[in-house]
Amino acid sequence: MDSQSPNGSIIFSTVGRTNYGFDIFSLKSPLSFINSPMKEHCLTDGASVNFNGQFEDEDQTLVFVSERSGAPRIYLRRSSGIKLIPASVNSLFLDRPIIRNKRIYYISSHQHAEQIFKSSSALYYITIGDDNEITTRLTPEGCVDYSPSISKSGHLIAVASYGNRRWPNDEFHDLTTDIVVFPESKPDMRTIVCRHGGWPTWSGDSTIYFHRQADDGWWSIFKIDLPENFNNLVDENNGSIRITPPGVHCFTPAAAVLGRSKSIIAIATRRPGKSYRHIEIFDVESQKFFPVTELINPTTHHYNPFFSPESTFLGYHRYRGESCSGETTIPYLDPVISPEKGLKMVRLNGFFPASSPSGEFIAFNPGFKGLEIVKSDGSKKWTLIKDRTSFCNSWSPTERDVIFTSIGPIFESVRATVQIARVSFNSSNLNDDEIPVEIKVLTGEETGNNAFPSCSPDGKHLVFRSGRSGHKNLYIIDALKGEMEGEEIRQLTKGPWIDTMPNWSPDGKVIAFSSNRHNPDNPNCFSIYIIHPDGSGLRRIHVAGPEGSEEVDKERLNHVCFSKDCEWLLFTGNMNGVTAEPVSLPNQFQPYGDLYLVRLDGSGLRRLTWNGYENGTPAWHPSDMLMKTAGETERSVLVGDKLKGEFDDVLWLNC
C-alpha cells in the first residue's frame, strides 16, 4: 500500500437514507382503474434500497437501481430472477437506467469534472450481452446531463442539462437546467428545445413533458411540441405550455402511450394540506386528475412513476412496508464501497459518530436526541442518554468510558442554552440495553450556545464552539473540571463571524475548524481553517483554489477531522454540486453534501461519496475496525433497528 495513501475507517451519516426501505411496485392497467380494482405488485426483493426503475416490455422486464452492494448499481429483473448488470466502469453512482434495443442507458459520475463546483453526471450506455462490455459516453466532455428519456422510436434522447455551465453553488430547490434533445446516433448534435426544465419524458417522437417551478411558486408540468426540424428552434421557451394548474405541486412526469393520444401522463404530486407524495394520472385534454396511490397507501410517499412501453403497467417506488417480504432491519452500521483501497467506509444509522480509543465502540446520536454506543462490528447497541437532546460527540482518547457531548437544541442562536457535558459510564458490564451514566456539565448555565466539543489527545482539554461573546467562536477548557469549578476558560478565536465544528489533531499540534470569517455576511459559506492551540499559526486551507480566485469563497465545508498521521483532512463539502435532481428524492437539506479528503496544504482533493444524498458528520478511526467491507457480510445477519420508513418529503415545498 502507498504510504502516502489515506487508510483507516470512515464512519458517516446520510440524511434519511437508512429509513428508505424502497422497493419498486406496479399496477396493471392503471388507466382503467375507475372500472376495476387496483392490485399492487412488488417487483423487487426488498434487499436494501431499490428505486428509479424502467420497464423494457409488457412482461415487466425491469431495469432499476439498487444499493444492496454498498453503492448504487444497475440490476435487471426478468421472470427468471434479478441479476446485476456488470457495467464496465468503476462508478460509485449509477442512476436512471433505461433499457432499449439491448442497450442500457444510464447516468454515471465516474469521469470527474475538471472544474470545481461542476457535477460529473453524464449519460452513458452499455450493450447487454456484449463480451467487450464497452461503455460509451453520449454526453459531450465538459457537459452535465441528468434524467434521460428516449423517444418511442428510440432515435431521439432528451436530457435535463447544464451544458458546460457550472452548478450555481446554492441551487438545488429548482435546477436551472435546460431540456436538450439529440439523435441517439449523433450525440454531438444537441439542441436546446426549452430553457429551464427538468425530468423530460417523451410522448411519441415529437412531444416532451417536463417539470419546473412556475413563476407563481407551484411545481408544474409543461409541454413542448417539436416541429420535424427542431434544430432551427431559437426562442427560449419554444412554445412550451404549462399543462397542470396552480394549487398543486406536480413533478417527475411519465407519458403514457395510448394509440394516437398524447394526453395522459402519470405524475408525482404534493397537494396542499397533505404530508405525502402520491402518484396521480392527469388527463391533459380534460384537465382532470385521477388519484392512484393515495387510494392504496394513503400514508406512504410514492416516487418517480414510469409506464411500460404500451402503458399496460404503471411503476413507481415507495417504502416497502411490513406487508412485503424483504429486509426489515436498519443495520446499526452498513458497509459502503470506498473509492480508496486503504479506507473502509461505513454508514451509521445515526449522527456524529466518535470512536473509542481502542476502536471497540462508536458513540453517536440517534437523530438529535439521546446518546448511544454500538460495537464497531455492528452487533450490539446500548443507550447512555435517552430523553435529552444532544449532538456532536468526542470520545476521550485517554479514558475508556468518557464521552463529551453537547446537550441542548441544535441549529440555534448564540444565546440559546446549550452545554458541554462529560458523560461517564462503566463499559465492563454491558448486559443491559441502558447503561447508568454520570453526566457532568462543564459550561456555565448563562453562557449561551456551547457545542461541538473535541478532546485533546492527552485527554486534558476540550476545544468547543461558544456564543457567549455574542459571536460563535472557539474556546478551550479543562476536560475534567470545565469552568464550573473555577477553572480558566480560554478564548481561542475572536471576531464577528462563525468559528465552529473544531477537531483537535491526533498529535495535538493544531486544531481544524470551519469558519465564514472570510465572508462574515454569508452565514452559509464555510471554509476550513487550522490554528495552533496557543492561538498562533491561523491559516486557511484553500480547497477550491488560491486566495482571490473566483471559486474560493463558494466553499461550504464542514465537519472536518484528521487522519491519524495528521496528513489528511476529512470533511463534507459542495465541491461537485448535485448529482441528481433533488426534487425526485426525499428531503435532503444539502443534497450536494459529499465526503472529501484533502492534504493540509490544500492539495490532493479526493471525493469519497457520490449520490443524491446529504452525507455528513464523519469520523475517522485509524484502524479498519471490525466491520467487514461491503459484500463480506450477509445483510440478513446484520442487526439493528426496525425499518419504519420514517423520512420526510422535501421540506421546501410550499404546501
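Scope of this entry: the structure provided in the associated data block. Source: prediction; values computed, not measured.

Rules and cut-offs
- Residues numbered from 1 in each chain as written.
- Predicted model: local features only at pLDDT ≥ 70, side-chain atom pairs only at ≥ 80, totals over all residues.
- Heavy atoms only, no water.
- Salt bridge = Lys/Arg side-chain N within 4 Å of Asp/Glu carboxyl O.
- Helix = DSSP H or I, 4+ residues; strand = E, 2+ residues; numbered from the N terminus.
- Buried < 20%, exposed > 50% of the residue type's maximum accessible area, 1.4 Å probe, protein only.
- Core = buried A, V, L, I, M, F, W, Y, C linked by side-chain atoms within 4.5 Å.
- Pairing = 2+ DSSP bridges.
- Axes fitted to C-alpha atoms, helices over the stretch in contact; angles between N-to-C directions.
- Phe/Tyr/Trp six-rings, centres within 6.5 Å; stacked < 30°, edge-to-face > 60°.
- Lys NZ or Arg CZ within 6 Å of the ring centre and 35° of its normal.

1. What to know about the pattern of salt bridges
- For the structure on display, the rule yields 31 salt bridges.
- Here Arg318 and Glu40 are joined by a salt bridge, their closest N and O atoms 2.8 Å apart. Taken together, the residues Arg318 in strand β25 (residues 313-319) and Glu40 in strand β3 (residues 40-42) connect sequence positions 278 residues apart. Glu40 shares its class with Arg318; the two are buried.
- Here Arg103 makes a salt bridge to Glu184, at a shortest N to O gap of 2.3 Å. Of this pair, Arg103 sits in strand β9 (residues 103-108) while Glu184 sits in the loop between β14 (178-183) and β15 (191-194), placing them 81 residues apart in sequence.
- Using a relative accessible area of 24% as the deciding quantity, one classes Arg103 as partly exposed.
- Of the residues examined, Glu184 reaches a relative accessible area of 16% and is grouped as buried.
- A network of salt bridges, in which partner residues are shared, links Glu360, Lys375, Arg400 and Asp401.

2. Some points on the nonpolar core
- By size, the foremost hydrophobic cluster in this structure holds 19 residues, and its most contacted members are Phe251, Ile281, Phe307, Leu314 and Tyr316.
- Broken down by element, this core gets its largest block of residues, three residues, from strand β21 (residues 264-270).
- Counting 18 residues, the second-largest nonpolar core is a separate cluster that includes Ile528, Ile530, Leu557 and Leu569.

3. Some details on the sheet that holds strand β43 (residues 539-541)
- Spatial strand order, β40-β41-β42-β43: four strands in an open sheet with antiparallel pairing. Looking at which strands have only one partner, the edges of the open sheet turn out to be β40 (499-504) and β43. Here the average twist between neighbouring strands, direction ignored, is 30°.

4. Structural notes on the packing of aromatic side chains
- Per the counting criterion, the structure on display carries 29 aromatic pairs.
- Taking the centre distance of 6.0 Å and the plane angle of 25° together, the rings of Phe64 and Tyr75 count as stacked. Of this pair, Phe64 sits in strand β5 (residues 62-66) while Tyr75 sits in strand β6 (residues 73-78), placing them eleven residues apart in sequence.
- Since its relative accessible area comes to 0%, Phe64 is described here as buried.
- With relative accessibility at 8%, the residue Tyr75 sits in the buried group.
- Between the aromatic rings of Phe352 and Phe391, the centroid separation amounts to 6.3 Å while the plane-to-plane angle is 50°, which identifies the pairing as tilted. One end of the pair, Phe352, is in strand β29 (residues 351-355); the other, Phe391, is in strand β32 (residues 381-395), and 39 residues separate them in sequence. Both residues of the pair, Phe352 and Phe391, count as buried.
- Put simply, the rings of Phe351, Phe352, Phe368, Phe391, Phe411 and Phe452 pair up and form one aromatic cluster.
- If you follow Arg271 out to its NZ or CZ, it ends over the ring of Phe289, 4.8 Å from the centre.

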